[in-house]
Amino acid sequence: MRGWLARNLPSIVLFVALVVAWQVAVSVFQMREYILPSPGAVLRAFVSGEIPWASHLSVTTVEVVGAFFLAGVVGVALGIAIAWSTVLAHALVPFLVFVNTLPKVAVAPLFLLWLGYGIFPNMLIGALIGFFPVVINTAVGLSQVDEEMLDLGRVFGAPKWKVFAKIRLPNAYPYILSALKVTASAAVVGAIVGEFVASQKGLGNVIVTTQTNLNTPVAFVALIWISVIGLAVYGAVVLAARWIAPWADTSS
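The residue numbers shown here count from 1 along each chain, following its written sequence. With the structure being a predicted model, the display of local features is reserved for residues of pLDDT at least 70 and the display and counting of side-chain atom pairs for 80 or more, all residues being used for whole-chain, interface and lining totals. The side-chain figures draw on all heavy atoms in the structure; neither hydrogens nor water molecules are used.

(A) Structural context of the overall build of the chain. For the chain, the count of helices and strands is 10 helices and 0 strands. Dimensions of the chain, computed from C-alpha atoms along their principal axes, come out at roughly 75 × 50 × 30 Å. The 252 residues of the chain split such that 39% are buried. Partitioning the contacts of the chain with sequence separation of at least 6, the portion at a separation of at least 24 is 72%. Within the structure as shown, the chain displays about 14300 Å² of accessible surface, and the carbon and sulfur contribution to it stands at 71%. Positive charges come from Lys and Arg, negative ones from Asp and Glu, while His and the chain ends are left out of the count. Just so you know, the charge point we use is NZ for Lys, CZ for Arg, CG for Asp and CD for Glu. Side chains of the chain give 13 positive and 9 negative charges; the mean places of these two sets differ by 4 Å. A run of H or I in DSSP becomes a helix once it reaches four residues, and a run of E becomes a strand once it reaches two; helices and strands are each numbered from the N terminus. Exposure categories follow from relative accessible area, calculated using a 1.4 Å probe and restricted to protein chains: below 20% of the type maximum is buried, above 50% is exposed, and the middle band is partly exposed. We call two residues in contact whenever any of their non-hydrogen atoms come within 4.5 Å of each other. Note on areas: Shrake-Rupley with a 1.4 Å probe; residue coverage comes only from the protein chains shown.

Below, the structure written as structure tokens:
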């Protein structure tokens, strides 16, 4: 507990300072609640029971986690394909760059048109936003290997697949895990973008709905829950990094 407190004390102090500054700004400038609610108003919106938070939170969480895993699996698979074969690399990289440059807000309505409303289209939008860093980092991690390690594998007559599994892949772990940290945030953004475009449940739907009646405190609660989901996924990646690649500095 002391170690955790020592590591996170600066973040806790910063968070408390921001909340205090927020309250002071609302009090000094007499902000109207629909423009900037006070922390107390946000807390009242959280505990009032006006919104079924559990229902909306579960939908968004499933979308974010699904988008994260989909982006991770597809991204790692494509990165391996690019590093394995030069022909595949020449074929895939330009296409993946093209897909990554597509404006995701413009693509979201098409996904909903093709796949209908529901959780899965929002997962795909989140995965589409988050998969590209995983692809690039995986390919780089598999390629940037010490030549002496590769020579050692050749000396022992290890086949290509074994060199890949025993030398290249462990070398890529820190790269992949760093990319997954970026993907943790991107998956949240993608899921909320999908809910903004069209949804009947989820935290993004809560924000859109509250905009019509200027219920800003409820929107703030939704934003806080969205941040909590993102932090939880990011924290899971950090814990996985400590277990999978303890030799790498991936805990920051």
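(B) Molecular detail of the environment of Val87. With respect to the element layout, Val87 can be found in helix H4 (residues 86-101). Of the residues examined, Val87 reaches a relative accessible area of 64% and is grouped as exposed. Counting along the chain gives 149 residues from Val87 to Ala236, while the straight-line C-alpha distance between them is 35 Å.

(C) Expanded view of the nonpolar core. The definition of a nonpolar core used throughout is a set of buried Ala, Val, Leu, Ile, Met, Phe, Trp, Tyr and Cys residues joined through side-chain atoms within 4.5 Å. Trp53, Val64, Phe68, Leu180 and Leu203 are the most contacted members of the largest nonpolar core, which has 33 residues in total. Among the secondary structure elements, those contributing two or more residues to this core are helix H2 (39-47), helix H3 (53-84), helix H6 (119-143), helix H8 (160-197), helix H9 (203-212) and helix H10 (216-244). The contacts of Leu180, once residues within four sequence positions are left out, are Phe68, Gly72, Val134 and Val237. Phe111, Ile125, Ala139 and Val193 belong to the second-largest nonpolar core, a separate cluster that totals 16 residues.

(D) View of H8. Expected helix span is taken as 1.5 Å per residue step, with the number of steps being one fewer than the number of residues. Between its terminal C-alpha atoms H8 stretches only 46 Å, short of the 56 Å expected from 38 residues at 1.5 Å a residue. At Leu169, H8 shows its largest bend, some 40 degrees, and a proline, Pro170, comes one to four positions later. Bending is quantified residue by residue as the angle between axes fitted to the seven-residue window ending at that residue and the seven-residue window starting at it.

(E) Seen up close, the side chain of Thr216. Here Thr216 shows up in helix H10. Under the relative-accessibility criterion, Thr216 is labelled buried at 13%.

(F) Broad picture of the packing of H3 against H6. Put simply, H3 and H6 touch, their axes get as near as 5 Å, and they point 35 degrees apart. Like other packed secondary-structure pairs, H3 and H6 cross with a definite hand, here right-handed. The nonpolar class holds Ala, Val, Leu, Ile, Met, Phe, Trp, Tyr, Cys and Pro. Asp, Glu, Lys and Arg form the charged class, and all remaining residues, Gly among them, are polar. The residue makeup of the contact of H3 with H6, split by class, is 19 nonpolar, 9 polar and 1 charged. As a rule, the C-alpha atoms of each element are fitted with a line to give its axis, helices using only the stretch in contact, and angles between N-to-C directions run from 0 to 180 degrees. By the definition used in this description, the sense in which the near helix is turned from the far one sets the handedness, with an anticlockwise turn below a right angle giving left-handed and a clockwise turn giving right-handed.

(G) Representation of the packing of aromatic side chains in the model. What counts as a ring pair is set by centres within 6.5 Å for rings of Phe, Tyr and Trp (its six-membered ring), and what kind of pair is set by the plane angle: stacked under 30 degrees, edge-to-face over 60, tilted for all other angles. This structure, assessed with the given rule, holds 4 aromatic pairs. Between Phe46 and Trp225, the aromatic rings sit 5.8 Å apart at their centres with planes inclined by 40 degrees, giving tilted as the arrangement. In this pair, Phe46 sits in helix H2 while Trp225 sits in helix H10, placing the two residues 179 residues apart along the sequence. Residue Trp225 is classed as partly exposed on the basis of its relative accessible area, which comes to 21%. Centroid distance Phe131 to Phe132: 6.3 Å. Interplanar angle 80 degrees. Geometry classified as edge-to-face. As far as the burial class goes, Phe131 and Phe132 line up, both buried.

(H) The side chain of Asn215, seen in detail. Following the sequence through the fold, Asn215 ends up in the loop between H9 and H10. Not counting residues up to four positions away in its chain, the partners in contact with Asn215 are Glu50 and Thr210.

(I) Structural view of unusual backbone geometry. Look at Gln30: it is not a glycine, yet its phi comes out positive at around 50 degrees. In this fold, Gln30 is placed in the loop between helix H1 (2-29) and H2. Residues other than glycine seldom take positive phi values, yet Leu214 does so here, at roughly 55 degrees. Residue placement: Leu214 occurs in the loop between H9 and H10.

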